[in-house]
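Chain and residue survey
Each chain is listed here by its residues.
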Amino acid sequence: MNLGRSIRINKCGVVILGVLFMCILYYLWNSSNGTNGASYAFSKNPNEINLRKLLIGSIQAAQHGGFEVVAVSKTRDLHEQSKGKTKEGANNPVTDADYRSNCVMKNGLLRIFPKLKVISEEDDRQEQCAEVQLFDLDPTVLPESVTVPDERVSIDDVDVWIDPLDATQEYTERLHEYVTTMVCVAVKGVPTIGIIHNPFTMKTTWAWRDRALSESLANLKHDADVKHPTIIVSRSHAGAVKEQSKQFFGENAQVISAGGAGFKVLQVIQNNATAYLHTTHIKKWDICAGDAILGAIGGRMSDLHNENIAYHRDTPSLNPNGLLAAALSATHEAYIKRIVESNHFVR
């Protein structure tokens, strides 16, 4: 054996090892800095979920669902179908926009948060889902001026309710001001994070109860005067609710009708209505986001028996007892007292 022979280094092998080492470093850096989808969402414990990151994903889901809603609105045919009649006898339509928005919202969230429980108004249509583009988690959707904490909870305590197109009837009538896409994060059944997005104005309103508010909510002031009520109600059965509103709140009550539960909550938040009243059953994906936002700004939503509405996965998706929503809890308390004392809604 010639011990004096020099060791020859394979330069190609060194280059390959160097490239592999850099790739590993790049992957680890991405995982820790949030550019790698599910790794960003579950960087520590797969049985926990970071609510700040879920807030980011939920905002993106509402916005990307909105892109699909707008895109379909520009086509000649919405492919409108009917899911039947509501209890009020109104048509309950569904369109390609509902399905496409559902695909991007639900599947986008599940791609980033695979263990997440998502409850949606619509079912997946594979032919629609094949055409949509999903999204990656993007922390820049939160403005730098808003401080949002990191908070982890058990994934089993989290249920996400999505409405891929609220006010579909108005959408088919081209009344786009009423249309929203909504996401609500419930923790142990309590509406905790709410997002209401108008696709046609590109305005997104969001809140995380006791943690953070979107800039549009930060400086809002609400009048505690309950003597001159302006009640917003649904277009689909405005006549009956107008009569009930006069009964509850007096002849001086002004009643306005509008489409979309999300839109009506926004009108209450923006001081265009004192309260939102709904006297028949309503699905929880229609109201969960609004419930969370109102709770975050000091308001309240309850059913007409003054009970909080539970949003746990094991509860029915239908809330059968109507609702009252106000931007101030004191306003809600004064109004719900009138309703309860009327004995109009009994168990």
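Data block above holds the structure.
Reading the values: rules and limits
Residues numbered from 1 in each chain as written. Predicted model: local features only at pLDDT ≥ 70, side-chain atom pairs only at ≥ 80, totals over all residues. Heavy atoms only, no water. 1 Å grid on protein atoms, 1.4 Å probe; cavity = no way out; pocket = protein on both sides within 12 Å on 5 of 7 lines; lining within 4 Å. Points joined across faces, edges and corners; volume = space filled by probe spheres on them. Pairing = 2+ DSSP bridges. Helix = DSSP H or I, 4+ residues; strand = E, 2+ residues; numbered from the N terminus. Axes fitted to C-alpha atoms, helices over the stretch in contact; angles between N-to-C directions. Contact = heavy atoms within 4.5 Å. Disulfide = S-S within 2.5 Å. Buried < 20%, exposed > 50% of the residue type's maximum accessible area, 1.4 Å probe, protein only. Core = buried A, V, L, I, M, F, W, Y, C linked by side-chain atoms within 4.5 Å.

**Topic: the layout of surface pockets**
Its volume calculated, the second largest pocket comes out at about 190 Å³. Along its surface, the second largest pocket is lined by 13 residues, and Asp-223, Asp-225, Asn-271, Ala-273 and Thr-274 are the ones closest to its centre.

**Here's the deal with the sheet that holds strand β12 (residues 254–258)**
Spatial strand order, β12-β11-β13-β17-β15: five strands in an open sheet with mixed pairing. Unpaired on one side and paired on the other, β12 and β15 (300–302) mark the two borders of the sheet. Taken pair by pair, the neighbouring strands of this sheet meet at an average axis angle of 20°, ignoring direction. As paired elements, strand β13 (residues 275–278) and strand β17 (residues 323–326) share four bridges and run antiparallel to each other. When the bridges of β17 are listed, His-278 appears paired with Leu-323. Contacts between helix α10 (residues 284–296) and the sheet are confined to β15 and β17, with β15 contributing the most and set at about 140° to the helix.

**Things to note about the state of the cysteines**
A covalent bond between the sulfur atoms of two cysteines is what we call a disulfide. Scanning the entire structure with this criterion turns up two disulfides. In this model Cys-103 forms its disulfide with Cys-129; the gap between the sulfur atoms is 2.1 Å. One disulfide, between Cys-103 and Cys-129, carries an S-S torsion of -80° and so falls in the left-handed class. Placement of the pair is Cys-103 in helix α4 (residues 96–112) and Cys-129 in helix α5 (residues 126–129), with a sequence separation of 26 residues. The side chain of Cys-184 participates in a disulfide bridge whose partner is Cys-288; the two sulfur atoms lie 2.1 Å from each other. Every disulfide takes its handedness from the sign of the S-S torsion; for Cys-184 and Cys-288 that torsion is -45°, giving left-handed. Here Cys-184 is found in strand β7 (residues 180–187), whereas its partner Cys-288 is found in helix α10, with 104 residues between them in sequence. Each of the two residues, Cys-184 as well as Cys-288, counts as buried. If you count the bonded cysteines of the protein from the N-terminus, they pair up as 1-2, 3-4.

**Thoughts on the nonpolar core**
Counting 36 residues, the largest nonpolar core has Leu-54, Leu-116 and Val-160 as the members making the most contacts within it. Broken down by secondary-structure element, the contributors of at least two residues to this core are α3 (51–73), α4, β6 (158–166), β7, β8 (190–198) and β9 (203–208). It is α3 that contributes the most residues to this core, seven residues altogether. Ignoring anything within four residues of it in the chain, the contact list for Leu-116 reads Ile-49, Leu-54, Leu-109, Leu-110, Ile-155, Val-158 and Val-160. Trp-161, Met-182, Ile-269 and Ile-309 belong to the second largest nonpolar core, which has 35 residues in total.

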